Amino acid sequence: MAAKKDAAPLGYNNAAILFQNTQKKLDTVSLDLGNGSKIEMIQYEKLVTFPNNRDIDDTDIDIFSENIERNGFQSAIVVAREFEGGEERSGKATGNFIIISGHRRYAAFSLILERNPSFMHRKLPALILRDDIPWTELEELNLLMNYDAVSESSHPGDMRKRVSRLMELLQSRGIEKKLYDRIAEKLSISSRQIRKYDSINKNLIVGLQTLLDEEKISINQANQYASRSIDVQNYILNYINEHGEAVTDDEYQQLKSQDEERQAAQKAAEEKLRENEQKLKEQENEILRLKNKTLELESLVNSDQETDESSSLELINTQAQLRRAKEKADKYHKILKEAKEADEEQLNKSIGISAPIAVNEMISKINDNVIKLVKRKEKRGYQFSKNDVQKIRTIIDDLQSLISDI
């Protein structure tokens, strides 16, 4: 009796299953495959990764590759034909295929080929998309299909970049209406979260964006910081880098109050500045008018023609008006100079956390240390060591230093 032959790995004779599983993924991004999309076995060497594809999650990639080697592919990777015209999707086909979704499976297959170079004849099951799908839609598809675990708890750095890129893609296609709602639907999170990420992308300084990406600050903290001025954001960034922790809610509220006070003063100063600039402009126009009138009257008075007394009086009066206009102009010049200096002084006012909050924190530290030491003594008959006493004295010294600065 002939030995029973092992079933071929998925990808050879299970096209229906492959298509069904791949279709489920494509349904999440509402792609209409239409005629022309089909599953074929593609030579490994003809596959190229998507430009600027996100970093592949290589967690347990070796286990994943062993599973594929043992059980085959459960779903096909998704590819698009590559053309000589590149992103224009024009010209002749190069014979290669761009991976839209399936980079992790592609990486796992690479590991298999290192162990078994002839595995599946070096071919992967791939769904080839229609050639008429434009590049922007392929970008969107790559963006969405490469994040399987999409939720509000997704990595904030990934989500932030994803929202930014989707914004660009949709706007490049002329889509503006209900943009937040559209993106929220695609990413399966709330429109409110999309607004937060958009504000962070547009208004938060790069250093704080990096801290969000590294999960050293939360999405809510990043959204709060994004509403503050560049000076406050830089202060918060330096504070976190120096202390290794974010500012407390009380400290943020203090910074926010200082920032709003500065912004209000800045707005009032700018309005006053515009008002005085307008008055100066009007005065300069009046000076120009009076100068021209003076020249005309002087020419008339100094001509050989006989002039009546009224012309001479009008000239004297006009010259007096010109002097007063120049005095007013000088006054507005001085006001503007003083306003700009005051504005600059206001902007140069330092922003920071005042000593009282720091003092309260220090007092809290003292209380915590004293409580711990007292509990030790009560429970174990513990005697204070020199190190314990020195720790308390150091905190007290720091507290005294802060108090002296108030």
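Residues numbered from 1 in each chain as written. Predicted model: local features only at pLDDT ≥ 70, side-chain atom pairs only at ≥ 80, totals over all residues. Heavy atoms only, no water.

Draft legend 1. Here's a closer look at the sheet that holds strand 4 (residues 93–101). The 5 strands lie next to each other as 1-5-3-4-2, forming an open sheet whose pairing is mixed. Each edge of the open sheet is held by one strand with a lone partner, namely strand 1 (38–43) and strand 2 (47–48). In the sheet, strand 1 pairs with strand 5 (residues 123–128) via 6 bridges, with the strands oriented antiparallel. By the bridge assignment for strand 5, Lys38 is matched with Ile128. Packed on one face of the sheet, helix 3 (residues 103–115) meets strand 2, strand 3 (77–83), strand 4 and strand 5 and runs near 110 degrees to strand 4. Contacts between helix 4 (residues 135–145) and the sheet are confined to strand 3 and strand 4, with strand 4 contributing the most and set at about 40 degrees to the helix. (Pairing = 2+ DSSP bridges. Helix = DSSP H or I, 4+ residues; strand = E, 2+ residues; numbered from the N terminus. Contact = heavy atoms within 4.5 Å. Axes fitted to C-alpha atoms, helices over the stretch in contact; angles between N-to-C directions.)

Draft legend 2. Molecular detail of the confidence of the model for the protein chain. With 75% of its residues at a pLDDT of 70 or more, the protein chain shows a mean pLDDT of 78. Low confidence marks residues 1–13, where pLDDT is under 50. Its contacts with residues over four positions away, or in another chain, come to 15 contacts. Across residues 148–153 the pLDDT falls below 50, and counting only partners more than four positions away or on other chains, this stretch makes 11 contacts in the model. (pLDDT = per-residue confidence, 0-100.)

Draft legend 3. Representation of the pattern of salt bridges in the model. Tallied over the full model, the rule gives 11 salt bridges. Residue Glu45 pairs with Arg122 through a salt bridge whose shortest N-O separation is 2.7 Å. Here the residue Glu45 occupies a position in the loop between strand 1 and strand 2, and Arg122 occupies one in the loop between helix 3 and strand 5, the gap between them amounting to 77 residues. Measuring nitrogen to oxygen at the nearest pair gives 3.1 Å for the salt bridge that ties Asp198 to Lys202. With Asp198 and Lys202 both in helix 7 (residues 191–203), this residue pair falls 4 residues apart, about one helical turn. (Salt bridge = Lys/Arg side-chain N within 4 Å of Asp/Glu carboxyl O.)

Draft legend 4. Quick peek at helix 10 (residues 230–243). Given a rise of 1.5 Å per residue, 14 residues ought to cover 20 Å, and the 20 Å separating the end C-alpha atoms of helix 10 matches this to within 8%. Turning to helix 10, its buried residues are Val232, Gln233, Ile236, Leu237, Tyr239 and Ile240. Relative to the axis of helix 10, the buried residues are bounded by an arc of 160 degrees and lie together on one face. Facing away from the buried side of helix 10, by more than 90 degrees, are the exposed residues Asn241 and Glu242. Two residues or fewer after helix 10 comes Gly244, characterised by a positive phi angle close to 75 degrees. (Expected span 1.5 Å × (residues − 1). Buried < 20%, exposed > 50% of the residue type's maximum accessible area, 1.4 Å probe, protein only. Arc of directions from axis to C-beta.)

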